[in-house]
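One-letter residues, chain by chain:
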Amino acid sequence: MDKILVFIPMYNCENQIARVLAQLEGEIRNYISEVIIVNNRSTDNSVENAIAYAKEHPDLPLKIMTNPDNYWLGGSHKVAFKYAIDNDFDYVITLHGDDQGRITDFLDLLKSKEYRNYDCCLGSRFAKGSKLIGYSKIRIFGNHCFNAWFTIAARKRVNDLGSGLNMYKVETLKSDYYHKFPDALYFNAVMVLGHCYYNHKVWYYPITWREDDQISNMKFMSLTTAFFKMTFKYMFGRKKYIKSEMRDKIVDVYNSDVVYENKQKSIE
């Protein structure tokens, strides 16, 4: 059986984090070895609510961690990737703490073990069979435009730039190719370019995506500007761009402090 880590990045998700953790009940638990929440300096009651849930469910193999500094979303991913490598996991699933994605969408994938044929399975809101609930037509149109533009820039089909529900083969992460990628909220979009550059085998997997009480931290104009800058740099110098330093603040080692842990052994 593969050793699979579920990583939940969390920032100000006090209203959603219990719902996200509740997704890990039932059949999906059979495929999960351990769960880590990486809290990026939340200013609300996210940590307290996560701890409360953990105490009510002591059988859940869960660690709650807090970053010592503001690592942003990308930095939290790097914390989780390092944790997965250091603790000999085979795969890591990212499930965002704002409860837009549904991990049970990966259940058939986990049962069939077809994920073993890929370096990463990226949850796609726009693949055939996906479902969008409460997602505005303007945002859908904007995402299709971004996907088309990245497809042109990367010369490979890009179906989604970052849904927040993805599965990575840890062996592929060991090269640390993403270390200099930006820690910003658009980290996943640069990861897509990295997959293209390194010829990773990618499967855009259909998922259900919904919006109800979530608050987006991404500003459309700043995101658009960042996307055009990164794609132009990639188009006119792929190797130079992918291997360049993209971070505003240099972090040598991405570590996070454990603030709570359910003590039972994880499933091997």
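This text follows the structure it describes.
About the cut-offs
Residues numbered from 1 in each chain as written. Predicted model: local features only at pLDDT ≥ 70, side-chain atom pairs only at ≥ 80, totals over all residues. Heavy atoms only, no water. Helix = DSSP H or I, 4+ residues; strand = E, 2+ residues; numbered from the N terminus. Buried < 20%, exposed > 50% of the residue type's maximum accessible area, 1.4 Å probe, protein only. Polar contact = N/O pair within 3.5 Å; in protein donor to acceptor, adjacent residues only side chain to side chain. Contact = heavy atoms within 4.5 Å. Expected span 1.5 Å × (residues − 1). Core = buried A, V, L, I, M, F, W, Y, C linked by side-chain atoms within 4.5 Å. Pairing = 2+ DSSP bridges. Axes fitted to C-alpha atoms, helices over the stretch in contact; angles between N-to-C directions. Phe/Tyr/Trp six-rings, centres within 6.5 Å; stacked < 30°, edge-to-face > 60°.

Peer 1: For this particular structure, what's the right way to read the side chain of Arg 247?
Peer 2: With respect to the helices and strands, Arg 247 occurs in the loop between helix H9 (238–242) and strand S10 (257–261). On the basis of relative accessibility, which here comes to 9%, the residue Arg 247 falls in the buried class. Reaching out from Arg 247, the side chain makes a polar contact with the backbone oxygen of Val 251 at a distance of 2.9 Å. In contact with Arg 247, not counting residues within four places along its chain, are Lys 78, His 179, Lys 180, Phe 181, Pro 182, Asp 183 and Tyr 254.

Peer 1: Where do I start with helix H5 (residues 137–154) in this structure?
Peer 2: Think of an α-helix as 3.6 residues a turn; residues three or four steps apart then line up on the same face. Across its 18 residues, H5 extends 26 Å between first and last C-alpha, which sits within 8% of the 26 Å expected from 1.5 Å per residue. The secondary structure elements touched by the buried residues of H5 are helix H7 (187–197), helix H8 (220–235) and H9. In the segment just after H5, Arg 155 is the residue with positive phi, at about 60 degrees.

Peer 1: Help me out: how do you make sense of the nonpolar core in this one?
Peer 2: Taken as a class, soluble globular proteins show a tendency for nonpolar side chains to be buried jointly. One finds Val 92 and Phe 181 to be the most contacted residues of the largest nonpolar core, which totals 43 residues. Counting residues per element, this core draws most heavily on H7, which supplies seven residues. In this structure Phe 181 touches Lys 78, Phe 187, Val 190, Met 191, Gly 194, Ile 242, Met 246 and Arg 247, once residues within four positions along its chain are discounted. Cys 13, Leu 60, Leu 95 and Leu 107 belong to the second-largest nonpolar core, a separate cluster that totals 40 residues.

Peer 1: Where do I start with the sheet that holds strand S2 (residues 34–39) in this structure?
Peer 2: Whether parallel or antiparallel, the strands of a sheet pair through hydrogen bonds between backbone atoms. Taken together, the eight strands give an open sheet; going across it, the order is S8-S5-S7-S4-S1-S2-S3-S10, and neighbouring strands pair in mixed fashion. Whereas interior strands pair on both sides, the edge strands pair on one side only; in this sheet they are strand S8 (202–206) and S10. Ignoring which end each strand starts from, the neighbouring axes of this sheet average 20 degrees apart. Note: strand S1 (residues 4–10) against strand S4 (residues 91–95), four bridges, orientation parallel. Residue pairing for S4: Ile 4 is matched across the bridge by Tyr 91. Across the face of the sheet, helix H2 (residues 46–56) comes into contact with S1, S2, strand S3 (62–66) and S10 while running at roughly 165 degrees to S3.

Peer 1: Any chance you could explain the packing of aromatic side chains here in plain terms?
Peer 2: Each aromatic ring pair is summarised here by two numbers: the centre-to-centre distance and the angle between the ring planes. Tallied over the entire structure, the rule returns 18 aromatic pairs. For the pair Tyr 118 and Trp 203, a centre-to-centre distance of 5.1 Å together with 35 degrees between the ring planes defines the contact as tilted. In this pair, Tyr 118 is assigned in the loop between helix H4 (107–112) and strand S5 (120–124) and Trp 203 in strand S8, connecting sequence segments 85 residues apart. The exposure class assigned to Trp 203 is partly exposed, which follows from its relative accessible area of 22%.

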